[in-house]
Structure formats: structure tokens, C-alpha cells
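Geometric and topological summary
Listed here are the chains, written in short residue letters.
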Amino acid sequence: MNEKAMIHTPESKYCFALDENRVKLRLRISAGDIPDRICAVYGGKYDFAVERKSVAMKREREDALYAYYTVTLNLDDKRLVYVFEIEENGKISYFSEDGLTDTYDFELSYYNCFQYAYVNGCDVLRPVEWVKTARFYQIFVDRFNIGDNNKDKSYINLKWGEKPDPKSFAGGDIKGITEKLGYIKGLGLNVLYLTPVFSSVSNHKYDINDYYSVDKAFGDKADLKELVRSAHEKGMKVVLDAVFNHCSENLKEFQDVLKNGRKSKFYDWFAIKGDSPLEYECFAACRYMPKFNTANPEVREYLLGIATYWIKELDIDGWRLDVSDEVSHEFWRDMRRAVKKLKPDCVLIGENWHDANSYLQGDQFDSIMNYAFTKACLDYYAFGKFDAKNFADKLNEILMRNTDTVNDMMLNLLDSHDTHRFLTRVGGNVNSLLSALCVAFFFSGAPCVYYGTENAMEGGYDPDCRRTFDWTEEGRDNPVKTLIRRLSELREKHFADAEVKIYADGGKLVMERGKYKLTAQKDKFEIE
């Protein structure tokens with residue numbers, strides 16, 4: 001055995017509670033090592049020396065470098081201790097806190113066994129149950145549909161169907177979404193994820209100047225309330241976008257800082273670097289989006305008020321958390337407590353583009369937007385960097401970044417308002433899009449379809465990925481719509497509690513989930 005490849009860490013993605021009485025263990029070894037068996041030898045913390053059980057582990061996943069053995073333990077005693085027993089070529093060895101050893105002294109195990117000292121129920125990450133069957137539909141509100149034809153349209157400067165620029169306003173609104181709920185549900189999709197809807201001078205609304213009012217171009221609070229009510233009536237959920245890393249320079253508190261400098265009572269609300277002239281941190285290089293100082297308790301209280309207000313007022317079902325990796329962990333812990341106290345099944349999805357394990361320990365987010373999955377699909381379908389084996393390895397590696405509970409709640413997307421359209425990335429090959437959609441729906445977590453994908457919409461990078469929806473296609477069926485409906489039905493009826501197995505066979509990616517098997521190539525697929 002290659003000891004340098006072996007790893008196990010208690011109370012981590014390698015050892016996590018599924019509930020108060022079940023703990024899942026993972027042991028990582030070299031992919032090149034194939035022992036005859038690996039067992040978890042476990043028992044209670046105070047009697048392990050004299051009484052213990054042994055259960056075989058299975059080789060659940062492999063990636064390019066490692067293999068992962070797993071087992072779920074059903075506990076009588078919540079005070080768990082354990083070691084791993086490995087048999088290879090007739091030789092027995094043990095893996096404990098002392099590493100890989102030829103023998104193990106169980107009488108002295110209290111010095112060097114692994115332990116989950118006590119499974120406290122309040123520390124267990126609980127799944128948001130409805131996410132198990134969720135099929136998301138992301139909408140860039142200004143570009144989806146105009147529902148209020150009586151509103152002031154003087155702000156509209158983009159003709160519907162023309163390509164947008166960064167300053168384009170097309171007129172999409174909340175009533176337009178409510179009007180099309182039946183259409184979205186007819187695709188088999190059951191969760192709306194909306195880009196920001198609060199008051200802002202931009203078309204994207206990520207620079208918010210009033211978090212307590214709906215932007216007048218989109219409607220008002222009554223319109224948003226009706227959207228949520230109507231969605232719920234149809235068995236659908238609504239997730240809004242929380243922009244808590246930064247705000248608009250027009251936010252009244254920041255305007256007070258601009259006017260009064262250090263004398264402003266809001267001076268410490270923002271990440272200010274100097275006064276002469278005023279220098280402050282912002283989102284990216286956008287000076288019109290100053291960054292909040294979420295280390296400040298007053299700022300945290302202000303933002304928590306916003307997060308809880310819209311749950312109380314509208315009964316929304318979740319928050320997507322913008323630029324979440326730049327906001328303090330302490331704030332996200334506070335927000336989780338406040339939100340889950342109000343509505344335990346309100347999902348919290350971070351916009352972290354990279355490995356976010358530190359945010360996914362049960363004290364902050366439920367999941368993230370799975371851009372690692374997006375990139376893996378691009379490397380296979382668009383960039384030619386992966387063959388089927390590389391793709392399978394990467395998908396398995398991504399799953400091993402987090403616990404099973406988190407994986408089941410991840411938001412798996414092929415594209416978004418922040419990326420090129422997937423179809424454009426694959427050179428307009430609709431068959432590649434169809435194959436990739438299958439992978440997104442078979443993978444652990446919730447698939448997310450970006451509005452217009454069902455019409456084979458193309459588009460380059462922002463703002464081209466934010467084109468208006470082509471409603472002339474509404475009554476016409478096509479292969480993408482047909483497939484999305486079929487995949488949605490599979491996910492709803494057959495995938496909720498089924499693990500996914502991923503491997504390559506004969507140059508093809510294979511994914512098995514429940515009784516269904518997907519064979520995916522770069523421009524074709526088959527579901528059995």
C-alpha cells in the first residue's frame with residue numbers, strides 16, 4: 001500500500017454524520033492499490049478495547065489519482081471510535097492516527113484510534129428535502145418576458161430580439177415570469193432562480209440601492225408576492241439572489257459616507273482604505289459597487305434584516321448568495337441561523353466558483369453553484385481536454401470534495417448569466433448540448449437550466465449570454481425541450497435517493513443511477 005496516498009480525517013468530508021445515528025466513513029488510497037479487502041473496525045468510545053465490530057467497505061469511487069472506500073455505520077453508541085483494517089496478499093495491516101502499521105494494539109486504542117467523539121444532532125447538516133427532486137430554471141429577469149404592458153417603458157432601449165450591450169434594457173418583468181409559470185412547469189422544471197429583483201440603476205440589478213423595494217422596472221412587492229404565491233400553487237419553488245458582498249454607490253448609507261467621510265456613522269460599514277481622496281474596496285474593479293464590511297456587527301444586522309424580511313413577507317424558498325466567497329464566514333454563520341430558524345427548508349446556495357469545503361460544513365451554506373462541474377463538462381464537450389476516462393475521473397473527484405449531503409444539494413449548471421452559453425461553446429452542436437444535459441440531470445445534485453437553453457439559445461460572454469427569450473418558439477417542440485421533460489421525470493420519480501456510479505467504458509462516459517444507465521459521448525447519448 002502506498003501510505004503517502006492514504007488519508008482520513010474525522011469530522012470532515014471523510015467522516016460525516018448523516019443523522020444522529022448514522023456516520024459515513026471514507027478512506028482514500030492510491031488508485032493503483034487494490035487490496036483484497038478494507039474493513040472499518042469500530043465501537044463505542046469507552047469499550048472499544050474489549051468490544052468492537054467489523055464491517056467491509058466498498059470501493060465507491062475512483063479518480064485519476066485515488067480510490068475511495070466507504071461505509072455507512074449504524075450506531076448504537078453515538079461516541080464512535082474506529083480504525084481501518086486492510087488485507088493485501090494475505091497480510092493484515094491497520095490505518096489509524098499513527099498511519100499505516102503492521103499491528104495495532106486495541107488495548108491502547110484510546111491514544112491513536114480515529115474518533116467522532118459524540119454525534120450532536122445540532123451539528124448535523126440536514127438535507128433540504130425538496131432539493132432532492134429539484135429542477136432549477138434560471139431567469140435573467142430583464143430578458144425573459146414583458147408581462148406589464150401598462151408600465152412606463154421609457155427606460156427600454158433594446159428591441160426584443162436584438163443583441164444586448166452592457167447598458168441595454170429590454171423590459172422583462174416579474175409579471176412576465178408569473179405569466180409563463182405554466183410554460184416553465186410544462187418543461188418539467190419546478191424551481192425558479194431569479195437574478196436580483198431589488199431597486200437598482202442597472203439591467204442586472206447586482207448594484208442594489210434599496211434592498212427593501214422591488215425595482216420599478218420589474219414591478220413592485222405585490223407583483224413579487226403574486227409570483228411566489230402562484231409558483232407555490234403550482235408546486236414550484238422560488239429562489240432569489242442575495243447581493244450581500246457589495247451594494248450600489250447610491251445606497252443611502254454609502255452616500256452618507258461620501259458626504260461626511262469619517263464623520264459618517266456608516267463609515268465602518270464599508271471596506272474603506274483611505275480618506276484623501278476616499279479609497280474603498282469594491283466588487284471586482286467596479287467603483288460603483290462598494291464592498292460591505294461584514295466584520296462589522298451593524299452591517300451583519302442590516303443584511304440579516306434583509307434576508308429574513310423577504311422570507312417573512314413572501315415565503316421565498318431560498319437565497320442564491322452572490323460573491324459568497326468574499327463575505328465573512330461569521331456573517332454566513334449568522335445568516336444560516338437566522339434563516340433556518342424562520343424556515344428550515346429555505347435553501348442557501350453560495351456563488352463559490354472553486355472548492356468551497358470550508359463553507360459546507362453545516363454551519364454556512366447548503367451547497368454552491370457547481371462551476372467545477374461546468375468546467376468539467378466544457379473540458380469534455382467543448383475544449384477537447386478530456387476523453388471519457390478523464391471526464392469520469394474529474395466528476396468522481398468533484399464528488400469527493402464534499403459530503404454526500406452537500407453533493408445532493410449542489411446546483412449543477414452548464415452555463416449562466418456569467419458565462420458563455422454552453423451551445424456556443426460547443427460550436428452550436430445541439431447533440432453535444434443534449435448529451436451534456438443528460439450528464440447534468442444524472443449527476444448528484446440539482447440540475448439548473450438557463451432560460452432559453454430549451455430553444456437552443458446561443459450567446460458569447462456577458463452581455464451576449466443575456467439575450468432576450470424568443471417567445472415565437474413557445475408553442476413549438478424540439479429535441480431539447482423533449483429531453484428536458486424526460487430527464488425531469490426521471491429525476492423526480494427515480495433519482496431522489498439513488499446514488500450515481502460514474503466510469504468510462506469503451507471510450508464512452510457511463511453513469512448509472514437507480515435502474516437507469518446513461519452512455520454519453522461528445523455528440524450522442526443513450527439512456528437505458
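Here the structure is shown first, and the text comes after it.
Residues numbered from 1 in each chain as written. Predicted model: local features only at pLDDT ≥ 70, side-chain atom pairs only at ≥ 80, totals over all residues. Heavy atoms only, no water.

Okay, the side chain of asparagine 478 next. Note on placement: asparagine 478 falls in the loop between β24 (446-450) and α12 (479-495). Look at asparagine 478 and you get buried, because its relative accessible area is 18%. A distance of 2.8 Å separates the side chain of asparagine 478 from the backbone nitrogen of lysine 481, its partner in a polar contact. Not counting chain neighbours up to four residues away, the residues in contact with asparagine 478 comprise Glu454 and Asn455. (Helix = DSSP H or I, 4+ residues; strand = E, 2+ residues; numbered from the N terminus. Buried < 20%, exposed > 50% of the residue type's maximum accessible area, 1.4 Å probe, protein only. Polar contact = N/O pair within 3.5 Å; in protein donor to acceptor, adjacent residues only side chain to side chain. Contact = heavy atoms within 4.5 Å.)

Under the criterion given, the structure shown has 44 aromatic pairs. Judged by centre distance (5.9 Å) and plane angle (85°), the rings of tyrosine 155 and phenylalanine 169 are edge-to-face. On the criterion of sequence distance, the pair formed by tyrosine 155 in the loop between β11 (136-139) and α1 (174-179) and phenylalanine 169 in the loop between β11 and α1 is long-range, its members being 14 residues apart. Look at phenylalanine 169 and you get buried, because its relative accessible area is 16%. Taken together, a centroid distance of 6.5 Å and an interplanar angle of 45° make the contact between tyrosine 211 and phenylalanine 292 tilted. In this pair, tyrosine 211 is assigned in strand β14 (residues 208-214) and phenylalanine 292 in the loop between β19 (286-290) and α5 (297-314), connecting sequence segments 81 residues apart. Each member of the pair, tyrosine 211 as well as phenylalanine 292, carries the same accessibility label: buried. For the cation-ring pair, arginine 28 lies above tyrosine 66, with the distance from its terminal atom to the ring centre recorded as 3.6 Å. (Phe/Tyr/Trp six-rings, centres within 6.5 Å; stacked < 30°, edge-to-face > 60°. Lys NZ or Arg CZ within 6 Å of the ring centre and 35° of its normal.)

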